[in-house]
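Architecture at a glance
Single-letter residue listing:
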Amino acid sequence: MTETSTVRSVTYDLLRLLGLTTVFGNPGSTEQPFLQEFPDDFSYVLALQEASVIAMADTFAQVTRRPALVNLHSSAGLGNALGNLVASYHANTPLIITSGQQHRELVIGEPYLGNREATEFPKPWVKWSYEPARALDVPEAFMRAYAMALQPPAGPVYLSVPMDDWKQPLAGFGRARTVSDRVAPDAERLRLFVGRISASGRPALVFGPEVDRAGGWDSAVALAEKLHASVYGSPLLDRASFPEDHPLFRGPLGMSVKTISDRLAGHDLVVVIGAEVFRYYPYVPGDYLPAGTELLQITANPEVAAAARVGDSLLGDPKIAIDLLLDLVAEGSAQSAPQPMARPRVLPQTPGSPLTLPEVYAVLSRVRPPDSVIVNESTSTMAQQIEWLPTVRTGSFFATASGGIGWGVPAAVGVALGDRDRGVTRPVVGLIGDGSSQYSVQALWTAAQHKLPIVYVVMRNDEYSILKSFAVLEETPGVPGLDLPGLDIAAVASGFGCRGVDVQTTAELEREFKGALGADTTTVIVVRTQPQKAML
Ligand SMILES: Cc1ncc(C[n+]2csc(CCOP(=O)(O)OP(=O)(O)O)c2C)c(N)n1
Ligand SMILES: [Mg+2]
C-alpha cells in the first residue's frame, strides 16, 4: 500500500533531495505532526534544551559545510534558542529553523502554545522569516528557506508551520532548485585593490573567520608568503583562518579601538579579509587607524562592509578574492618580513595550588593530539590558548561569534557529530570556563548518548573571572554576582552520563586527559585553577 501523498511526505522528499536528513531538535505537540513516522533514513539529534539544539546544529553545519535543519517547539522553544541564534547569525551559519504553529483554526483566538507574530519573534537574527500562507506552500517555503540560508551572506532562516498543514494532501513538488553559495568580487575594483597592495611597503594582513569558512586557509598562507606580510588574527575570531605558529603570524590584533590602532602603527596598508573592521569589544578610545595607515576590507557580507568604521571595501567571497589577489599582486620584499609572535611560555618556579593557567596550558600543549579540534569558551584564558595551543590546521578552532556564552559546550557536540557525519575521526577538546559550562550544560547528555570523542577541560576558578577584569578596566567596583562557589561540575557531568573528574595537579590532568582520549565516552575534566587578570 503506498502512503498517501501529503505536505509531509512531499516535504520529506524535498529534504532528502537537499541533503537535510539530520534534524536537531526538541519536540512538542505542535511539532509531532511533522515528526510522526520519522523515516529511517533521517536522524533526529535530541538536545534537552533549545540553546543547545541551535549551537549543535551551528557547528554541525560549519563542519559538514552544508545547511542544517532545526526543529523547535513553538514560541517557547524558539525563545530558549534565541541567544545562540545570535551567534549563528554572526557566524553566517546556514540554519533552517522550523517550529510548529498551533492549528490554523485556533490561531485567531490566541490558543495555548500558539506562536503570536511567529515571524517577528526571531528577528533580527534571521535572514528570512516566514509562515506559509497555505498548507500547500510548505515544500516551496522549505525550498526558499534553503536558498536564503545558503546564499551569501549565509545565515539562519526561520519557518513557522501550522501543525495541521502536514497532513494536507499534496501530489508532489517538482521545482527543486539549486543556488550559488559564493559570489566573485568585481574585477575592476579588485584591480584597484591589487594596485594599492602592490604599492605597499609594509602591508599587514588581517584574516577573519570568513576565510576559513570559505575554505581559504591555504590561499591565505600563500598570499601572506607572497607579500611577506605581517599577519594578524581578526579580533575575537570564531574561526582561525591562518596557522598561528607560522613565522609571519604576529598574534591576535586586540579588541579595542586603541589597542588595534596601536598594534597597526607602522603599517602603511592593512588588508582585512573575511572580518568586520573591527569586531570591537571594550571601549577604549583612540584613532580608528594610526596616522599614515590605510585600510582595505574584503568580505562576502554587505552588512559587514557597510558597518566598517574606516577603509575601502570590496564585496566578494574571500577565497575567490585571495586566489585572484595571489595571481595579481607583486611579490613583497624580504626586508618587510616581520618578527613572529612572542611566546614567552613562562611557568611558575613552584607548582601552583590551585594550578596557574600556564601550568594547565603547558600540560594541554603536551597531551593534545595534533589533529584535535578546539572549541574555546574559557573567557579569561584566550591569550594562554593562542600562546600554548596555536591553531595550525583548517577547521580546527571554533568559538562563539556573538560573545554570548553557553555556546561552547553544545558547539563541541555539533563538531563531533559533524565529524562523524563526514567520516572524520579526531578528538574534540572543549576549553570551557566554569561559569560558561552551566548555560547549556544539558548538551553533555547528548554527547554521552552519542559516545562522542570530546574531552571538556573546565577551568574551575569559582568565579566569572573576566568580568572581574572588566570591572577594573571600566572602573565599576562592587558588582555583585561574580563568584561561583560550591559548583560541583564533575558531579553534574556524571549525572548526564559523562565521565566527570576533578583534578588538582598537572600529573592528574595529564593522566586524565590521556585516559579520556582512549575512552569510549565523553569526559569532563574539572581543573581547579587560580583566577587571573585577563588582558583586555
Ligand atoms: C548568555 C550570556 N550571559 C552572560 C554573559 C556575560 N559574561 C561574559 S563572560 C562571563 C563569565 C564567564 O565566566 P567563566 O566561564 O567562568 O570564565 P572565566 O572568566 O572565569 O575564565 C559572563 C557571565 C554572556 N557573555 N553571555
Ligand atoms: Mg570562571
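Since this is a predicted model, take the numbers as computed values, not measurements.

What follows concerns the side chain of Asp 434. Structurally, Asp 434 can be placed in the loop between strand 15 (428-433) and helix 16 (443-449). Look at Asp 434: it is buried, it has no salt bridge, and the nearest opposite charge is Arg 460 at 5.2 Å. A polar contact of 3.0 Å, which involves the side chain of Asp 434, links it to the backbone nitrogen of Asn 461. Setting aside residues no more than four positions away along its own chain, Asp 434 makes contact with Val 458, Met 459, Arg 460, Asn 461, Asp 462, Glu 463, Leu 484, Leu 487 and Ile 489.

The next thing to look at is the pattern of salt bridges. According to the stated counting rule, one finds 27 salt bridges in the structure shown. For Glu 140, the salt bridge goes to Arg 175, with nearest N and O atoms at 2.9 Å. Pair noted here: Glu 140 is in helix 6 (residues 138-150) and Arg 175 is in the loop between strand 6 (157-162) and helix 7 (187-199), with a separation of 35 residues, a long-range link. Take Glu 140: its relative accessible area is 33%, and that puts it in the partly exposed class. Here Arg 175 falls in the partly exposed class, since its relative accessible area comes to 47%.

The subject of this paragraph is the sheet that holds strand 7 (residues 203-207). Strand order across the open sheet formed by six strands is 9-8-7-10-11-12, with parallel pairing between neighbours. In the strand order of this sheet, the two ends are held by strand 9 (249-252) and strand 12 (312-315), each with one partner. Geometrically, the sheet is characterised by an average inter-axis angle of 20° between neighbouring strands, direction not taken into account. Where strand 7 and strand 8 (residues 230-233) come together, four bridges link them in parallel fashion. Note that in strand 8 the partner of Ala 204 across the bridge is Ser 230.

Now for the packing of aromatic side chains. Scanning the entire structure with this criterion turns up 15 aromatic pairs. Pairing Phe 278 with Tyr 280 gives two aromatic rings, centres 6.1 Å apart and planes at 75°, and the pair type is edge-to-face. On the basis of relative accessible area, Phe 278 is assigned to the buried category, the value being 6%. Given the relative accessible area of 22%, Tyr 280 is considered partly exposed.

In the first shell of the magnesium ion (ligand 2), the protein supplies Asp 434 (OD), Asn 461 (OD1) and Glu 463 (O), at 2.1 to 2.2 Å from the metal. In primary-sequence terms, the residues that donate to the magnesium ion (ligand 2) follow D-x26-N-x1-E. Of this pair, Asp 434 sits in the loop between strand 15 and helix 16 while Asn 461 sits in the loop between strand 16 (454-460) and helix 17 (465-473), and the two are 27 residues apart along the sequence. The two residues Asp 434 and Asn 461 agree in class, both being buried.

A large share of strand 6 lies buried, amounting to six of its six residues. Both faces of strand 6 are covered, namely the face carrying Val 157, Leu 159 and Val 161 and the face carrying Tyr 158, Ser 160 and Pro 162. Looking at chain direction, strand 4 (residues 95-101) and strand 6 are connected through six bridges and run parallel. If you follow Gln 101 over to strand 6, its bridge partner there is Pro 162.

On to the pairing of strand 17 (residues 499-503), then. Pairing of strand 17 with strand 18 (residues 523-528) involves five bridges; the strand directions are parallel. Across the sheet, residue Arg 499 finds its bridge partner in strand 18, namely Thr 523. Crossover strand 17 to strand 18 through helix 19 (residues 506-518) is right-handed.

A few words now on the layout of surface pockets. The space that makes up the second largest pocket amounts to roughly 740 Å³. Forming the walls of the second largest pocket are 33 residues, and the residues nearest its centre are Gln 62, Arg 65, Asp 212, Arg 213 and Ala 214. Among the secondary structure elements, those contributing two or more residues to the lining of the second largest pocket are helix 3 (50-64) and helix 8 (209-213). Counted by class, the lining of the second largest pocket contains 13 nonpolar, seven polar and 13 charged residues.

A separate point is helix 4 (residues 74-90). Taking 1.5 Å of rise per residue, the 17 residues of helix 4 would be expected to cover 24 Å, and the 23 Å separating its terminal C-alpha atoms lies within 8% of that figure. Where helix 4 is concerned, the buried positions are Ser 74, Gly 77, Leu 78, Ala 81, Asn 84, Leu 85, Val 86, Ala 87, Ser 88 and Tyr 89. Just past helix 4, the residue Asn 92 takes up positive phi, approximately 55°.

Here the focus is the side chain of Arg 368. By the element assignment, Arg 368 lies in the loop between helix 13 (357-367) and strand 13 (373-377). One buried charge, Arg 368, has no salt-bridge partner; the nearest side chain with opposite charge is Glu 244, at 7.6 Å. Of the polar contacts made by the side chain of Arg 368, one reaches the backbone oxygen of Pro 390; its length is 3.1 Å. Excluding its chain neighbours within four sequence positions, the residues that come into contact with Arg 368 are Ile 374, Leu 389, Pro 390 and Phe 513.

Among the 16 residues in the neighbourhood of ligand 1, the closest are listed as Thr 379, Ser 380, Asp 434, Ser 436 and Ile 466. A distance of 2.8 Å is found between an oxygen atom of ligand 1 and a backbone nitrogen or oxygen belonging to Gly 435. In this structure, Glu 463 approaches ligand 1 through a main-chain N or O atom, which is 3.0 Å from an oxygen atom. When ligand 1 sits alone it has 590 Å² of accessible area, and the protein chains cover 78% of it. A per-element tally of the shell around ligand 1 places helix 17 first, with three residues. Class assignment of the residues belonging to the shell around ligand 1 gives a composition of five nonpolar, nine polar and two charged.

Tracing the sequence through the fold places Gly 495 in helix 18 (residues 489-495). Sequence separation between Gly 495 and Trp 445 is 50 residues, and the spatial gap between their C-alpha atoms is 8.4 Å.

Attention now moves to the packing of helix 9 (residues 217-227) against helix 12 (residues 318-328). Where helix 9 meets helix 12, the axes come as close as 9 Å, and the angle between the chain directions of the two elements is 30°. Viewed along their axes, helix 9 and helix 12 adopt a mutual orientation that is roughly parallel. The element helix 9 and its partner helix 12 pack so that their crossing is left-handed. Residues Ser 219, Ala 220, Ala 222, Leu 223 and Lys 226 of helix 9 form the contact with helix 12, whose participating residues are Lys 319, Ile 322, Asp 323, Leu 325, Leu 326 and Asp 327. In terms of residue class, the contact of helix 9 with helix 12 is built from six nonpolar, one polar and four charged.

The rules behind these values
- Residues numbered from 1 in each chain as written.
- Chains lettered and ligands numbered in written order.
- Predicted model: local features only at pLDDT ≥ 70, side-chain atom pairs only at ≥ 80, totals over all residues.
- Heavy atoms only, no water.
- Helix = DSSP H or I, 4+ residues; strand = E, 2+ residues; numbered from the N terminus.
- Buried < 20%, exposed > 50% of the residue type's maximum accessible area, 1.4 Å probe, protein only.
- Lys, Arg positive; Asp, Glu negative; His and termini not counted.
- Salt bridge = Lys/Arg side-chain N within 4 Å of Asp/Glu carboxyl O.
- Polar contact = N/O pair within 3.5 Å; in protein donor to acceptor, adjacent residues only side chain to side chain.
- Contact = heavy atoms within 4.5 Å.
- Pairing = 2+ DSSP bridges.
- Axes fitted to C-alpha atoms, helices over the stretch in contact; angles between N-to-C directions.
- Phe/Tyr/Trp six-rings, centres within 6.5 Å; stacked < 30°, edge-to-face > 60°.
- Donors = N, O, S within 2.8 Å, 3.2 Å for Na, K, Ca; no water.
- Right-handed = clockwise from strand over helix to strand, strands pointing away.
- 1 Å grid on protein atoms, 1.4 Å probe; cavity = no way out; pocket = protein on both sides within 12 Å on 5 of 7 lines; lining within 4 Å.
- Points joined across faces, edges and corners; volume = space filled by probe spheres on them.
- Nonpolar A, V, L, I, M, F, W, Y, C, P; charged D, E, K, R; others polar.
- Expected span 1.5 Å × (residues − 1).
- Near = heavy atom within 4 Å.
- Areas by Shrake-Rupley, 256 points an atom, 1.4 Å probe, with all protein chains shown as cover.
- Parallel < 35°, antiparallel > 145°, perpendicular 65-115°, else oblique.
- Left-handed = near helix turned anticlockwise from the far one by under 90°.

This is a description of form; function is not addressed.
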